Each structure stands twice: as structure tokens, then as C-alpha cells.
Amino acid sequence: MVRTPLTPQERERGERLGALLRAARGERSMVEVAAAAGLSAETLRKIETGRAPTPAFFTIAALAGALGLSLDEVAAMATPPEEVTDATLERMRRLDGRVARTDAVA
């Protein structure tokens with residue numbers, strides 16, 4: 001099966017997702033968070049470093065649960081600034097600040 005190349009926007013979204021997960025993990029080890037989500041540490045490492053920029057929905061749902069994040073929070077904070085809608089901005093304003101938004105991801 002031939003995989004369609006990722007767009008620059010998909011790669012950026014993956015990098016932002018990785019940065020969000022790293023920030024949310026805090027001082028917890030990669031092994032601890034991966035185990036809590038039912039994943040391998042290698043899978044989490046690939047997501048955090050952007051080597052797996054488009055993980056499956058259920059993978060993200062499991063990680064969000066293990067990190068105490070809602071899927072709305074993950075979606076809002078992983079969205080590049082140029083793609084943010086008014087509805088997303090409003091959701092972000094209501095977030096409780098557990099994870100700082102990182103706009104500086106390259």
C-alpha cells in the first residue's frame with residue numbers, strides 16, 4: 001500500500017501534537033504514560049518527536065485519557081494558529097490551563 005505524502009500542515013499539526021503531549025506528560029516518564037495508555041513507549045516517542053504525525057484516533061484518545069486531557073483540549077491546542085476558528089478560540093478560552101498552549105513549535 002502506497003501512503004500519500006503528508007502536507008506541510010499535517011506535519012505541523014503532528015509537531016504541535018507531539019509538543020502538547022510532551023508538555024502534558026511533565027515529569028512522568030514516557031514508559032509510565034505509554035503503559036497507562038496501553039501503548040508502547042516507542043509509539044509514544046514517535047508521536048512526541050513527530051515521526052508519527054498522524055496517529056490513530058483511539059491512540060490519541062488513550063493518551064488524552066492517560067494525561068487527563070479532553071479530546072477538545074488536544075484538538076484545540078494541536079491546531080496551528082492560522083487554522084484556528086472562532087469556535088476553537090472560545091473553547092481554548094474555557095480551558096483550565098493545565099497545559100500551556102505552545103505556539104512556538106517549528
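For the structure, see preceding data.
Residues numbered from 1 in each chain as written. Predicted model: local features only at pLDDT ≥ 70, side-chain atom pairs only at ≥ 80, totals over all residues. Heavy atoms only, no water.

(A) Summary view of helix 4 (residues 57-67). Buried within helix 4 we find Thr59, Ile60, Leu63, Ala64, Ala66 and Leu67. Taken down its axis, helix 4 places every buried residue within 165° of arc, on the same side. Exposed and oriented more than 90 degrees from the buried face of helix 4 are Phe57, Phe58 and Gly65. A positive phi of about 75° marks Gly68, the residue just after helix 4. (Buried < 20%, exposed > 50% of the residue type's maximum accessible area, 1.4 Å probe, protein only. Helix = DSSP H or I, 4+ residues; strand = E, 2+ residues; numbered from the N terminus. Arc of directions from axis to C-beta.)

(B) Highlighting helix 3 (residues 41-49). By the burial criterion, the buried members of helix 3 are Leu44, Ile47 and Glu48. Looking down the long axis of helix 3, one finds its buried residues gathered within 95° of arc, a one-sided arrangement. Those residues of helix 3 that are buried are in contact with helix 1 (8-25), helix 2 (30-37) and helix 4. (Contact = heavy atoms within 4.5 Å.)

(C) Region of the structure containing the nonpolar core. Counting residues in each nonpolar core, the largest one holds 18 residues, and the members touching the most others are Leu17, Leu21, Leu63, Leu67, Leu69 and Val74. Put simply, the parts of the chain that give this core at least two residues each are helix 1, helix 2, helix 3, helix 4 and helix 5 (71-78). Sort the elements by how many residues they give to this core and helix 4 lands first, with five residues. (Core = buried A, V, L, I, M, F, W, Y, C linked by side-chain atoms within 4.5 Å.)

(D) Region of the structure containing the packing of aromatic side chains. Within the structure shown, the criterion is met by one aromatic pair. Ring centres of Phe57 and Phe58 lie 5.2 Å apart, and the angle between their planes is 80°; on these two criteria the pair is classed as edge-to-face. The two residues Phe57 and Phe58 agree in class, both being exposed. (Phe/Tyr/Trp six-rings, centres within 6.5 Å; stacked < 30°, edge-to-face > 60°.)

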